Amino acid sequence: MSKLEELKKQQASIALAIAEETSKSRDAALANVRASIKEFEITMSEVKSALKKRKVRSTVAKKVPSTTASGKRRGRPPMKKAD
């Protein structure tokens, strides 16, 4: 057997061990959550509200005062007076 084949077998066995350990840890955590829910009488709506992702409100841009105070106006400029 070549070194590459040995390493691939090790990799497969390690991946299997990781999957098993993840499953065990997940089951233990789930049992802990269920026990806590029963102990503290947490309702489903409380759980859902804790899991809900809320959008962050964007800040409202400050309103810039109109530029008419500086003489700039919209529309066609006034006709110039002839002297």
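Cut-off values and rules
- Residues numbered from 1 in each chain as written.
- Predicted model: local features only at pLDDT ≥ 70, side-chain atom pairs only at ≥ 80, totals over all residues.
- Heavy atoms only, no water.
- Helix = DSSP H or I, 4+ residues; strand = E, 2+ residues; numbered from the N terminus.
- Buried < 20%, exposed > 50% of the residue type's maximum accessible area, 1.4 Å probe, protein only.
- Areas by Shrake-Rupley, 256 points an atom, 1.4 Å probe, with all protein chains shown as cover.
- Polar contact = N/O pair within 3.5 Å; in protein donor to acceptor, adjacent residues only side chain to side chain.
- Expected span 1.5 Å × (residues − 1).

Visitor: Explain the overall build of the protein chain to me, and be specific about the residues and the numbers.
Guide: Each helix and strand counted, the protein chain has 2 helices and 0 strands in total. Considering the protein chain as a whole, with its 83 residues, one finds that 0% of them fall into the buried category. A total accessible area of about 9,200 Å² is found for the protein chain, and carbon and sulfur atoms account for 58% of it.

Visitor: How would you explain the environment of Ser45 if you had to name every residue and give the values?
Guide: Along the chain, Ser45 falls in helix α2 (residues 44-51). Overall, the relative accessible area of 52% leaves Ser45 in the exposed class. A polar atom in the side chain of Ser45 sits 3.2 Å from the side chain of Thr43.

Visitor: Tell me about helix α1 (residues 3-40), and name the residues and values.
Guide: Here α1 is 38 residues long and its end C-alpha atoms lie 55 Å apart, about the 56 Å a rise of 1.5 Å per residue gives. Of the residues one or two after α1, Glu41 is the one with positive phi, at around 50 degrees.

Visitor: Give me unusual backbone geometry: which residues, what numbers.
Guide: Positive phi, normally seen in glycine, also occurs at Glu41, with a value near 50 degrees. Looking at the secondary structure, you find Glu41 in the loop between α1 and α2.

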